[in-house]
Amino acid sequence: MTKGMSLALETIIILILSLAVFTALTYFFNLQFGRGQTTVDLLNGQREWCGAYLRQDSKCISTGYASVASSNEGKETLKRLTFYCGRIQGYPNCPPLCSSSGDPSQCKTEAKKECVFDCCTLYCPAGTRPKAPVATRTGPALPP
């Protein structure tokens, strides 16, 4: 092999290696930042649709939920909340019922009352979130 030919072969090998490294880095950064963008999109959707829910039920109460669930606009709001709240982790009352498709408009299931109040807690006015039932104890009194 002549000196000129080995230089071209080394250049091709270096180009192939650099393309492999570039591809691996691109995949890594798309994976990392792609998740972040998805999370930001989910949180923005949660904010938008919790706001839409609050425009229909400003006090976040059970009777307000019933009126929202009976209107066409409210049904659409509850479907979108099912999509966004079910995909965001940390809401045990919101199972991921619509996570198979990436399009929130394809969700057919409406969010239950517990899911809405759990997911939209930060957006409900202070003091309006339904209180958890207080545990009562029956039986003999405890000693002092």
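Heads up: the structure comes first, above all this text.
Report on the accompanying structure.

### Quick look at unusual backbone geometry
The residue cysteine 60 is not glycine, and still its phi comes out positive at about 55°. The topology assignment puts cysteine 60 in the loop between helix H1 (3-56) and helix H2 (62-70).

### Some remarks on the packing of aromatic side chains
Counted according to the given criterion, the structure contains 1 aromatic pair. Between phenylalanine 83 and tyrosine 84 the ring centres are 5.0 Å apart and the planes differ by 90°, which places this aromatic pair in the edge-to-face class. Neither residue differs from the other here; phenylalanine 83 and tyrosine 84 are each classed as buried.

### Observations regarding the environment of leucine 81
Inspection of the secondary structure assignment puts leucine 81 in helix H3 (residues 72-87). In sequence terms leucine 81 and glutamine 46 are 35 residues apart; their C-alpha atoms lie 6.7 Å from each other. Those residues in contact with leucine 81, other than ones at most four positions away along the chain, are Trp49, Cys50, Tyr53, Gly86, Ala111, Val116 and Cys120.

### As for H3
Here H3 contains 16 residues, and its C-alpha end-to-end distance of 23 Å stays within 8% of the 22 Å for a straight helix at 1.5 Å per residue. Along H3, the residues classified as buried are Gly74, Thr77, Leu78, Arg80, Leu81, Thr82, Phe83, Tyr84, Cys85 and Gly86.

### Comments concerning the environment of cysteine 85
Residue placement: cysteine 85 occurs in helix H3. Residue cysteine 85 is classed as buried on the basis of its relative accessible area of 0%. Taking C-alpha positions, cysteine 85 is 9.8 Å from cysteine 98, a pair spaced 13 residues apart along the chain. Setting aside chain neighbours within four positions, we find cysteine 85 in contact with Tyr91, Cys94, Cys115 and Cys119.

### A look at the pattern of salt bridges
One pass over the full model with this rule turns up 1 salt bridge. Its salt-bridge partner being glutamate 76, residue arginine 80 comes within 2.8 Å of it at the nearest N-O pair. Of this pair, arginine 80 and glutamate 76 both sit in helix H3, 4 residues apart, which is roughly one turn of that helix. A residue is classified by how much of its surface remains accessible, and arginine 80, at 17% relative accessible area, is buried.

Parameters at a glance
Residues numbered from 1 in each chain as written. Predicted model: local features only at pLDDT ≥ 70, side-chain atom pairs only at ≥ 80, totals over all residues. Heavy atoms only, no water. Helix = DSSP H or I, 4+ residues; strand = E, 2+ residues; numbered from the N terminus. Phe/Tyr/Trp six-rings, centres within 6.5 Å; stacked < 30°, edge-to-face > 60°. Buried < 20%, exposed > 50% of the residue type's maximum accessible area, 1.4 Å probe, protein only. Contact = heavy atoms within 4.5 Å. Expected span 1.5 Å × (residues − 1). Salt bridge = Lys/Arg side-chain N within 4 Å of Asp/Glu carboxyl O.

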